[in-house]
Amino acid sequence: MAKMTKAQINERQLEIMDRLDVLDQNANVREEKIRTLTSEEQKGTITEEQKRELAQLKNEQRTEDAEYDKLTRESAGLSARAKAMATGKDLDNIREREDYGAKIREMIQDCYTNRRAANATTILANAIANDPGGDNNATANMEAGGLIPVEIKPIIDTKVPGIELPDDLVMVTGVTGTQVIPYSINDVKFTVEGEVTKVDEQALDFAHITTSPKRVAASVPVSRRAVAQAAFDIVAFLTYKFQKGWAIFRALHIYAHGEYDKLQSPFAQVEVVELALDENIGKNLKKEIAKMYDLGFEGDPEVIMDKTTEVDLEFIKLIPGTTDSNRTVVQDGRCVGYRNHISPYIDYSIASNGVATKDKVGDTPVRYIGIGHFGYLNEQVYADGIEFNIDGTSSANFDRNVIAMGMSLDYSLVELSSKVNGGNASGKPQAFKLIKLVEPASTSDI
C-alpha cells in the first residue's frame, strides 16, 4: 500500500464510510426483494421473469458483499496505519475510540445472548424508568455496571451536499428544563411638550416565549458483519451514519417550508414572495432585503438557494445592461453582496404528516430563495433527553441480519423575530423571507 499522510488517510476513510453506507442501504432494499421472490419460489408461483430477477439480485448481493468485506478490511488497515502514525492526544483519542468500540460490541453481544427471552432491546446508558410493559431493564445497562456511558464524538468530517447551515445560526446544547425567552413589546416614545406640561408616563410591556421541545429519533441499521469485525472501527462508522442523518435533519427542518407544525422552519411561517428570474432579479432581491432593514433588522442576512439557481444567477448581470462590468448577482460565494449557502432543502416542503418532498408544478421543479437573519432562530438540544438504544434480536432485525442502533433527543426550533418590535399584525417572522422564482413575463404579454 502506498505511503499516505494523515489527511489522505482521513479522506480515504471518509470515502469508505460513504460507500459502506450506500452498500448498507442497497442491501436493505435488495434483501426485502429477495425475501419476497424467495417466498414466491417456495410457493411455486414464481414466473420466469421473477426467477431472472432473483438470480440477478443474488448475484448483486454476492458482488456487494465482497466489496463490503474488502472495504472494511481496507478501513481496518487504514485505522492501524493512523494509530501507528499518531502521538500524544491523537493516540489517546484513537485508544479511547477503540475502547468505546469494544464496549459497544460487548453490549450488543449481551443484548443478543442474555435477553432473548425478554425484551430484546437494551438501553445503553441507563435503566428505563416506569416502563408500562414492566421491563425496566434494571441491570442490562452501563449505568448499573458503573461503566462510562458511550459518547459518540465527531471522528470524521461528513460531506453531504446541501447541509451547510448559516454562520449566524447557533445551536445551543445541554439545555435543561423548559427555557423561557423574555422580550420587550414596546419602546419609549418621546414627545414635544411645554416647559411645565406634565408628561404622560409610559409603561414598558414585556412578554415571553416558552420553548417546546420535541422528541427527535433515528434508527440506523448496521450489518452484523460490521459489528463482528473487531478490527473495523465501528464507532467511526456509527458516528458517520448518525452525523449524516442528523445534519440532513437539521438542514431540512431549518430550510423547508410547508404545513408541518411540530418543528417549523421560519420559511414555513412567512408569506411567499414571487419574483421573476429575469435581468432585474438582483435589484428585486436587494429590495426584499431592504424591507427587512426598514423593520430594524440591520445586520447582513444570509441567502439560501439550490445549486441550479446559483448557476443561473452567476450568469445574470448585477446591474442590467452593463457591458463594462463582470459583476453578477451571485459572485464569489455571495448573492448581491451577502453570504450565500447552497442547499436543495430550500426547495422542499414538509406536509402535515411529516413527509418531505421537493416542490413541483407537474413535472417542473419549483425553485426558491430563502433570506434570513438566523440569529433570530433559536435552536436547542436538551441534555436530559438524549438516549441511545440497541436492538439486536428483534425478529424483524434478525431476519434482515442487522442490528439497529437508535438515538433520540429532545430538540426545539423557535423563531423570534415575529415578536421583536411588537411583532406585526400577521404574527409572521419579520427577519425571514421566502422568494419563489417564476418565469419572466413574455414580451407578448406586455
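Whatever comes next refers back to the structure up there.
Presented here is an overview of the structure given in this document. (Residues numbered from 1 in each chain as written. Predicted model: local features only at pLDDT ≥ 70, side-chain atom pairs only at ≥ 80, totals over all residues. Heavy atoms only, no water.)

Scanning the protein chain from terminus to terminus reveals eight helices and 19 strands. Counting every position in the protein chain, which comprises 446 residues, the buried fraction comes to 40%. Considering only contacts within the protein chain whose residues lie at least 6 apart along the sequence, 75% involve residues at least 24 apart. Counting only carbon and sulfur atoms, one obtains 50% of the accessible surface of the protein chain, whose full area is about 24600 Å². (Helix = DSSP H or I, 4+ residues; strand = E, 2+ residues; numbered from the N terminus. Buried < 20%, exposed > 50% of the residue type's maximum accessible area, 1.4 Å probe, protein only. Contact = heavy atoms within 4.5 Å. Areas by Shrake-Rupley, 256 points an atom, 1.4 Å probe, with all protein chains shown as cover.)

Okay, the packing of aromatic side chains next. Ring pairs (aromatic) are described by centroid distance and by the angle formed between their planes. Taken as a whole and assessed by the stated rule, the structure comprises eight aromatic pairs. A ring pair is formed by tryptophan 246 and tyrosine 411, whose centres lie 5.2 Å apart and whose planes are at 80°; its orientation type is edge-to-face. One end of the pair, tryptophan 246, is in helix H5 (residues 234-255); the other, tyrosine 411, is in strand S18 (residues 402-415), and 165 residues separate them in sequence. Between phenylalanine 267 and phenylalanine 374 the ring centres are 6.1 Å apart and the planes differ by 65°, which places this aromatic pair in the edge-to-face class. (Phe/Tyr/Trp six-rings, centres within 6.5 Å; stacked < 30°, edge-to-face > 60°.)

This next bit is on the sheet that holds strand S12 (residues 348-350). The sheet built from three strands is open, its strands ordered S6-S12-S13 with mixed pairing. Two strands close off the open sheet at either side, each with one partner strand: strand S6 (257-258) and strand S13 (356-358). As paired elements, S6 and S12 share two bridges and run parallel to each other. Residue pairing across strands places glycine 258 opposite isoleucine 350, the latter belonging to S12. (Pairing = 2+ DSSP bridges.)

This brings us to helix H1 (residues 6-43). Over its 38 residues, H1 runs 55 Å from end to end, which matches the ideal 56 Å to within 8%, given 1.5 Å per residue. Within two residues after H1, glycine 44 carries a phi angle of roughly 75°, on the positive side. (Expected span 1.5 Å × (residues − 1).)

Moving on to the nonpolar core. A general trend in soluble globular proteins is that nonpolar side chains are found buried together. Among the nonpolar cores identified, the biggest contains 31 residues, and Ile254, Tyr255, Phe374 and Tyr411 are the most heavily contacted of them. If you list the elements that add at least two residues to this core, you get H5, strand S17 (377-391), S18 and strand S19 (432-438). Ranked by the residues each element gives to this core, the list is headed by H5, at six residues. Other than its neighbours up to four places away in sequence, phenylalanine 374 contacts Pro166, Asp168, Leu169, Ile254, Tyr255, Phe267, Glu302, Ile304 and Phe432. (Core = buried A, V, L, I, M, F, W, Y, C linked by side-chain atoms within 4.5 Å.)

Of the two faces of strand S8 (residues 302-305), both are covered, the one formed by Glu302 and Ile304 as well as the one formed by Val303 and Met305. Strand direction decides the pairing type here: S8 and strand S16 (residues 368-372), joined by four bridges, are antiparallel. Each residue of the ladder has a partner; that of valine 303, found in S16, is isoleucine 371. In the sheet, S8 pairs with strand S11 (residues 338-342) via three bridges, with the strands oriented parallel. Directly across from valine 303, in S11, lies its bridge partner asparagine 340.

Let us look at the sheet that holds S11. One open sheet holds the seven strands; their spatial order is S7-S19-S16-S8-S11-S10-S9, and the pairing between them is mixed. In the strand order of this sheet, the two ends are held by strand S7 (272-276) and strand S9 (330-331), each with one partner.

Bringing H5 into the picture now. Taking 1.5 Å per residue, 22 residues should reach 32 Å; H5 reaches 32 Å between its end C-alpha atoms and fits that length. Among the 22 residues of H5, 18 are classified as buried, and the element is accordingly described as predominantly covered.

Among the five residues in S16, five count as buried, and that is most of the element. Burial along S16 is two-sided: the residues Tyr368, Gly370 and Gly372 and Ile369 and Ile371 are all buried. Two elements, S16 and S19, share five bridges in a ladder whose sense is antiparallel. Of the residues in S19, the one forming a bridge with isoleucine 369 is isoleucine 435.

Here the focus is the environment of proline 166. Within the secondary structure, proline 166 sits in the loop between strand S1 (121-123) and strand S2 (171-175). The spacing of proline 166 and phenylalanine 374 is 208 residues in sequence and 6.9 Å in space, taken between C-alpha atoms. Setting aside anything within four residues of it in sequence, one finds proline 166 in contact with Tyr255, Glu302, Ile304, His341 and Phe374.

To continue, consider the environment of proline 266. For proline 266, the position within the fold is in the loop between S6 and S7. Put simply, proline 266 and alanine 431 are 165 residues apart on the chain and 8.9 Å apart in space, counted from C-alpha to C-alpha.

We now examine the pattern of salt bridges. On inspection of all chains with the given rule, the structure shows 15 salt bridges. Among the ionic pairs, glutamate 15 bridges to arginine 12, the shortest N-O distance being 3.1 Å. Remark: arginine 12 and glutamate 15 occur in helix H1; sequence separation between them is three residues, near one turn of the helix. Take glutamate 15: its relative accessible area is 41%, and that puts it in the partly exposed class. Of the residues examined, arginine 12 reaches a relative accessible area of 25% and is grouped as partly exposed. Linking lysine 428 and glutamate 271 is a salt bridge whose minimum nitrogen-to-oxygen distance equals 3.8 Å. With lysine 428 in the loop between S18 and S19 and glutamate 271 in the loop between S6 and S7, this pair connects stretches of sequence that are 157 residues apart. Through salt bridges with shared partners, one network takes in Arg12, Glu15 and Glu74. (Salt bridge = Lys/Arg side-chain N within 4 Å of Asp/Glu carboxyl O.)

Below, the discussion takes up the environment of asparagine 280. For asparagine 280, the location among the structural elements is in the loop between S7 and helix H6 (281-294). Residues asparagine 280 and isoleucine 316 lie 36 residues apart in sequence; the distance between their C-alpha atoms is 8.8 Å.

The subject of this paragraph is the packing of H1 against helix H2 (residues 48-85). Running from amino to carboxyl end, H1 crosses H2 at an angle of 155°, the nearest separation of the two axes being 8 Å. One way to sum up the angle between H1 and H2 is to call them roughly antiparallel. Here H1 runs over H2; the crossing is left-handed. A class-by-class count of the residues in the contact of H1 with H2 yields 14 nonpolar, eight polar and 15 charged. (Axes fitted to C-alpha atoms, helices over the stretch in contact; angles between N-to-C directions. Parallel < 35°, antiparallel > 145°, perpendicular 65-115°, else oblique. Left-handed = near helix turned anticlockwise from the far one by under 90°. Nonpolar A, V, L, I, M, F, W, Y, C, P; charged D, E, K, R; others polar.)

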